[in-house]
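A look at the structure
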Amino acid sequence: MAVRPLPLQACIGFGGTVGNGLILHPDKKTLIYPLGTTIVLRDKGDLTKQEFLQGHSNRVSALAMSKSGKYLASGQVSPMGFSAPIIVWDYAGRKILHKLILHKVKIQGLDFSFDDELLTSYGGTDDCKLVVWRTKTGEAICGSPTPLDYAICAKWANHTNHILVTAADMKVNIWQVDADNRKLYPGSCDIGKRKRINQCVVIDDKDEFMYLGTRTGDVLQVSIGPMLYRAGGPKQLIEMGVLCLQFTPFQDLVVGGGDGTVNLIRLPTFKNIKRHKLPGSITSLAVAGQGAKGSFDVYAGTSEGQIYLIKYDGAKNAMAATLIQRCHFNKINDVCFPSNYSELFCTASTNDIRLWNLKEMKEVLRIEVPNKECEARDSINQECFCCAFMPDGKTIVSGWSDGKIRAYAPQTGKLQYTIVSAHQRMGAFKGATDTKCFQGVSAIATTSDSLRIVSGGVEGNVRVWRIGSQSHSMLASMKAHTQACTSITVKKNNTECVSCSNDGSVMVWDLTLYRRNNSMGASNFFKSVVYSTDESQILTCGTDRKITFWDAYDCAAIRVIDGSLSGDMLCLDNSPDGQGLATGSGDREVKLWNYDEGHCYYVGLGHSAPVTKVKISPDMKKIVSVGEDAAILIWDYRKPVSNSPGSDKDVKVKSPNSPK
Amino acid sequence: MWESKESVYKIIKPPVAFKPRTPPPTASEVRDKKIAKITRRLKLMLRQKSAATMGKPGGHYKPCVKNFLKKHSKEPVIVYGQQRCTKHVKRFPDVPKDKPVYGRVKILDFIKMNAEQMIHSKPDRSKIPKKQRRYMFKKSFGKLPAYLTTRMKESADKKKKDSPEEKAKAAAACNHAGTRKLDEKERISMMNALKMKWADTNARYQRLSVALDLDSQKRAKERFEENLTRLEKDVSLLSRKVILVSDSAPSKVQREVTTPKH
């Protein structure tokens, strides 16, 4: 039985780090942005209307839309030494037209000429190539090696396909493109004594001037004909550099800064007439539409993964930003559902826990713990490693990297209680001069009566906490693991729990006497452990790429399945009816298995980084997976049997790692 | 079990079931409802009344629980938020909020303005001497006033009546010298007047008390009776068909009239 693709229903996430990654299609209806390996086509107004273009094997690093809206080009990164393909998509048919393979490691950027005929691509610092392609046939016309300081950004002229502009550190080049004779003639612009690192470029309507955004924080105006510096500004520099530039409908510049400001710059004077501060830094801007009296709309994508719609009112000279999409911006560590309730789920990531509405895919609540409160001063961010809902639904418990367990009320997000120093050990590295704190709660589980919490720490302890109506106390601290405890599951009748650790041991604990019942070992970093639905078996997975089934009574290995051929198995979850088993792996795949057969029926490709956690919703309609790429992917659950319906979306999925 | 007074399961509200909106009742429906209510009440009343043995049906004298004397209900109610005038302070109008425009100076040519004003001005009508009225153009100019013509006509008629020719003519008509036949109209009106007077006198007479104790009462009674008989006599006289009237008084009466007593 062939493996079928798992239909991706929706995703919450935005690849905010990709420069100019947010594109508004020329029909002004669809927002296009990369998310890991996928490209998301999202309806401008409705978050739930999403389509996905899947074809890249690694993180998408560049995205370009042709002027007519017919073609979409996307480039990716690859491991060092491997080729990085560019995919040209037929936008209307949502199909791959060409796969252009010439660059290596990383595609820095892409741009279409004004008549869609030519496509230029330029590689990153490990590649240093500038290539011009013919869009229709997909053949490479001409190219040139570009030294390191040649191409960080490139742009075609607006009225001719003979002029191509590239800019990089300290250098601005204008290339004469002779497509018929397959020749590229470089010409360097004179920008005087100014030392600037150019980061982005736009060309005006009449092909007279180009405008370069610099890391210094100003915009340079360089004339294309005489290739001379002409003007620059604004006087007050934009902090942390200009990351993206766009023309407004009124031929002014809207500038996205590294400090998160969106600036409107009047053109002949370079006067910064309006600025609006957003959190994060602005990595991409897409001008949407124009209104009366100099008003216009612009979409801004930030490095923190948020998409804002900024409305500029020309009459009042006022900017107002509305958040239209929000998501995590860093590795997501955990996802969980409340018991027997699939409308909501909770994700744990850097600095915050967020509660999402599964149906509307909207953020319901954000509980932030800024780094100020974190005692681990050596870490950059306060991270939430794990979270769980109390079965009575009254609190969310979470384990943090500073060794505390924090519990929050789910509706207001108020902190209910904190268990300080829940998992902490003073120790020292060999050879270190000072002692150091090893702390962090890496696994957490609740009992079904909501009276106890079982937690596991990075130092390997498994601790049981009593949670009263107004107080909490430690009932037992069980020390057997020598490495971090990665996962804990409690039996439904609260008599036993099972924990697994990086030291290659899985232990079964008695929760009435607080001692060890049994243990299993393997040469493996165990990453996840669950009970089967009838609790007769224990399932584990880990870095040995295998899913192991153990007997729950005598802890003998029953069956071992190869979960993946190339990556670690990082998480697993079984369906409430006991038929299905979902796994997520380090090779970015979400797999759905039949529990009894041990056969993989569906593979979901969409993550661009290891999948850290996967959960099947309690009503068995959706699978939610989160990864280190900060994406939350929501898949349709299909019964893992041979006659189950396949994907209704016709997406050709090819991954180098997917099983044949 | 930590009591946070919140729940995950309450975050998403269950979808509200669709409620069909009933259209507002029409006028006839409202009327029917009212009529039904009244008839229901009447029927109930009838039923209770028929069953009652004495007084109002049971439960009617139960005091209403809601109508008790409430605290402070007899004190005057102060309406807050309404501005009440306590002091008679002269209030000045607000300072105008719109800014005065500085620097805009109007150059006025007073000579030209004055000239224009003069050209367009009109005299005050109230101060102009009025036109003399000319009586010649009056409608009634040179005509006798209406009151004078009627008066003259009346006197002429009277003269004509009093003229000896006329008198002779009347006497000839009734075959007696120095008399004339009383006009039928005059006779009837006189008789009617007498009858009215009789009715009036009779009414007063009838209103007299039964027992006449005082002399004055007796005298009044006698006077009434005398008047009534005289009136009856006059009426019977006037009810004759032909009445001849002499304009000159009878000799006895004439003597009394002409000769003064002293």
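The rules behind each value
- Residues numbered from 1 in each chain as written.
- Chains lettered and ligands numbered in written order.
- Predicted model: local features only at pLDDT ≥ 70, side-chain atom pairs only at ≥ 80, totals over all residues.
- Heavy atoms only, no water.
- UniProt positions renumbered as here; feature names shortened; annotations may be inferred.
- Helix = DSSP H or I, 4+ residues; strand = E, 2+ residues; numbered from the N terminus.
- Rg over C-alpha atoms; globule rule 2.2 N^0.38 Å.
- Buried < 20%, exposed > 50% of the residue type's maximum accessible area, 1.4 Å probe, protein only.
- Contact = heavy atoms within 4.5 Å.
- Areas by Shrake-Rupley, 256 points an atom, 1.4 Å probe, with all protein chains shown as cover.
- Phe/Tyr/Trp six-rings, centres within 6.5 Å; stacked < 30°, edge-to-face > 60°.
- Core = buried A, V, L, I, M, F, W, Y, C linked by side-chain atoms within 4.5 Å.
- Domains from an automatic or database assignment.
- Patch = residues over 30% accessible without salt bridge, like charges linked within 9 Å, V, L, I, M, F, W, Y side chains within 5 Å.
- Salt bridge = Lys/Arg side-chain N within 4 Å of Asp/Glu carboxyl O.
- Axes fitted to C-alpha atoms, helices over the stretch in contact; angles between N-to-C directions.
- Parallel < 35°, antiparallel > 145°, perpendicular 65-115°, else oblique.
- Nonpolar A, V, L, I, M, F, W, Y, C, P; charged D, E, K, R; others polar.
- Buried area = accessible area lost by both parts, 1.4 Å probe.
- Pairing = 2+ DSSP bridges.
- Left-handed = near helix turned anticlockwise from the far one by under 90°.

Under an unreviewed UniProt entry, the name given to chain B is Enkurin domain-containing protein, and the organism recorded is Ceratodon purpureus.

In the nomenclature of an unreviewed UniProt entry, chain A corresponds to Cilia- and flagella-associated protein 52 from the organism Ceratodon purpureus. Among the UniProt annotations of chain A, the heading Sequence similarities (unreviewed entry) holds the following wording: "Belongs to the CFAP52 family."

**Considering the overall build of chain A**
Within chain A one finds zero helices and 59 strands. For a compact globule of 660 residues, the expected C-alpha radius of gyration is about 26 Å, and chain A comes in at 27 Å, within 12% of that figure. Dimensions of chain A, computed from the C-alpha atoms along their principal axes, are close to 85 × 55 × 50 Å. The buried share of chain A, reckoned over its 660 residues, is 59%. Within chain A, contacts between residues separated by at least 24 positions form 44% of all contacts whose residues are at least 6 apart in sequence. If you sum the accessible surface of chain A, you get close to 26000 Å²; carbon and sulfur atoms cover 49% of it.

**So, the packing of aromatic side chains**
Enumeration over the complete set of coordinates arrives at ten aromatic pairs over all chains. Pairing Phe296 of chain A with Tyr312 of chain A gives two aromatic rings, centres 5.4 Å apart and planes at 40 degrees, and the pair type is tilted. You can see Phe296 of chain A sitting in strand S28 (residues 296-302) and its partner Tyr312 of chain A sitting in strand S29 (residues 307-313), a full 16 residues away along the chain. Residue Phe296 of chain A shares its accessibility class with Tyr312 of chain A, and that shared class is buried. Ring geometry for Tyr417 of chain A versus Trp2 of chain B: centroids 4.4 Å apart, planes at 45 degrees, classification tilted. Taken together, the positions of Tyr417 of chain A in strand S38 (residues 415-419) and Trp2 of chain B in the segment before helix H1 (27-51) put the pair across two chains. A residue is classified by how much of its surface remains accessible, and Tyr417 of chain A, at 4% relative accessible area, is buried.

**Remarks on the nonpolar core**
Residue and element names in this part refer to chain A. Ranked by size, the top nonpolar core spans 45 residues in total, and within it Ile12, Tyr299, Phe345, Ile623, Val624 and Ile632 carry the most contacts. Per-domain counts for this core show at least three residues from each of domain 1 (345-429 + 437-521) and domain 2 (533-660). Among residues more than four places away in sequence, those in contact with Ile623 are Leu6, Leu592, Val614, Lys615, Ile616, Leu633, Ile634, Trp635 and Tyr637. Of all hydrophobic cores here, the second largest spans 30 residues; its members include Leu130, Leu164, Ala167 and Cys189.

**What to know about a nonpolar patch on the surface**
On the surface, Tyr135, Met136, Phe137 and Phe141 of chain B cluster together into a nonpolar patch covering about 520 Å² of accessible area. Locating Tyr135 of chain B in the fold gives a position in the loop between helix H2 (110-120) and helix H3 (146-162).

**Points about the UniProt feature "domain: Enkurin" (unreviewed entry) in chain B**
Per the UniProt annotation, the sites labelled "domain: Enkurin" (unreviewed entry) are residues 154-246 of chain B. As annotated, residues 154-246 of chain B has a helix share of 72% and a strand share of 6%, and its two end C-alpha atoms lie 23 Å apart.

**Observations regarding the packing of H3 of chain B against helix H4 (residues 164-174) of chain B**
All names here are of chain B. Their axes nearest at 5 Å, the elements H3 and H4 cross at an angle of 55 degrees. Looking at the two axes, H3 sits oblique to H4. Two secondary-structure elements touch here, H3 through Lys160, Lys161 and Asp162 and H4 through Pro164, Glu166 and Lys167. Here the contact of H3 with H4 is composed, by residue class, of one nonpolar, no polar and five charged.

**Notes on the interface of chain A and chain B**
Contacts between chain A and chain B engage 30 residues on the former and eleven residues on the latter. Interface area, chain A with chain B, both sides summed: about 1900 Å², of which 59% is carbon and sulfur. Our count for the contact surface shared by chain A and chain B stands at one salt bridge. Here Lys394 of chain A ties to Glu3 of chain B by a salt bridge, and the two come within 3.2 Å at their closest N and O atoms. Broken down by class, the residue content of the side of chain A that touches chain B amounts to twelve nonpolar, 14 polar and four charged.

**So, the domain arrangement of chain A**
All names here are of chain A. Taken as a whole, chain A is organised into domain 1 (345-429 + 437-521) and domain 2 (533-660). Between domain 1 and domain 2 the total buried area reaches about 1100 Å² when both faces are included, carbon and sulfur atoms providing 75% of it. Broken down residue by residue, the surface that domain 1 buries against domain 2 is led by Leu358, Lys492 and Met520, which jointly contribute 39%. In this structure, the connection of domain 1 to domain 2 is made through zero salt bridges.

**Things to note about the sheet that holds strand S27 (residues 282-290) of chain A**
Residue and element names in this part refer to chain A. Pairing is antiparallel in the open sheet, where four strands are placed in the order S27-S28-S29-S30. The open sheet has two edge strands, S27 and strand S30 (318-325), and neither has a second partner. Taken pair by pair, the neighbouring strands of this sheet meet at an average axis angle of 25 degrees, ignoring direction. Here S28 runs beside S29; their pairing, made up of six bridges, is antiparallel. In the sheet register, Gly301 faces S29, and the bridge partner there is Ile307.

**Quick look at the UniProt feature "repeat: WD" (unreviewed entry) in chain A**
Cross-referencing UniProt, the feature "repeat: WD" (unreviewed entry) maps to residues 441-475, 478-511, 575-603 and 604-638 of chain A in the present numbering. Helix makes up 0% of residues 604-638 of chain A and strand 54%, with an end-to-end C-alpha separation of 11 Å.

**Description of the UniProt feature "coiled-coil region" (unreviewed entry) in chain B**
In the numbering adopted here, UniProt assigns the feature "coiled-coil region" (unreviewed entry) to residues 214-241 of chain B. Across residues 214-241 of chain B, helical content stands at 86% and strand content at 0%; the span's end C-alpha atoms are separated by 44 Å.

**Structural notes on unusual backbone geometry**
Residues and elements named next belong to chain A. Here the bond from Gly233 into Pro234 is cis, since omega is -5 degrees, no more than 30 degrees from zero. Assignment of secondary structure puts Pro234 in the loop between strand S22 (228-233) and strand S23 (242-247). The phi dihedral of Arg182 is positive, around 55 degrees, even though this residue is not glycine. Residue position: Arg182 is located in the loop between strand S17 (171-178) and strand S18 (183-188).

**Points about the packing of helix H5 (residues 184-206) of chain B against helix H6 (residues 215-238) of chain B**
Residue and element names in this part refer to chain B. H6 packs onto H5 with a crossing angle of 160 degrees between their chain directions and a minimal axis gap of 9 Å. Accordingly, the angle class assigned to the pair H5 and H6 is roughly antiparallel. Between H5 and H6 lies a crossing of left-handed hand. Where H5 approaches H6, its residues Arg187, Met190, Met191, Leu194, Lys195, Lys197, Trp198, Thr201, Asn202, Arg204 and Tyr205 are matched on the opposing element by Lys221, Phe224, Glu225, Asn227, Leu228, Leu231, Glu232, Asp234, Val235 and Leu238. Residues that form the contact of H5 with H6 fall into these classes: ten nonpolar, three polar and eight charged.

**So, the side chain of Ser349 of chain A**
Topologically, Ser349 of chain A is positioned in strand S32 (residues 344-349). Those residues in contact with Ser349 of chain A, other than ones at most four positions away along the chain, are His328, Asn330, Lys331, Ile332, Asn333, Glu383 and Cys384 of chain A.

**Thoughts on the pattern of salt bridges**
For the structure on display, the rule yields 22 salt bridges over all chains. The salt bridge involving Arg204 of chain B is made with Asp200 of chain B; its shortest N-O contact spans 3.5 Å. With Arg204 of chain B and Asp200 of chain B both in helix H5, this residue pair falls four residues apart, about one helical turn. Residue class for Asp200 of chain B comes out partly exposed when judged on its relative accessible area of 41%. Notably, a salt bridge pairs Glu225 of chain B with Lys221 of chain B, separated by 3.7 Å at the nearest N-O pair. In this pair, Glu225 of chain B and Lys221 of chain B are both assigned in helix H6, four residues apart and thus about one turn of the helix distant. Assessed through its relative accessible area of 31%, Glu225 of chain B is described here as partly exposed. The structure contains a network of salt bridges with shared partners spanning Arg326, Asp352, Arg354, Glu363, Arg366 and Glu368 of chain A.

**Regarding the sheet that holds strand S15 (residues 153-156) of chain A**
All names here are of chain A. What the four strands build is an open sheet, ordered S15-S16-S17-S18; its pairing is antiparallel. For this open sheet the edge positions go to S15 and S18, each flanked by a neighbour on one side alone. Going from strand to strand, the sheet's axes swing by 25 degrees on average, the running direction of each strand aside. With six bridges joining them, strand S16 (residues 163-168) and S17 adopt antiparallel strand pairing. By the bridge assignment for S17, Leu164 is matched with Trp175.

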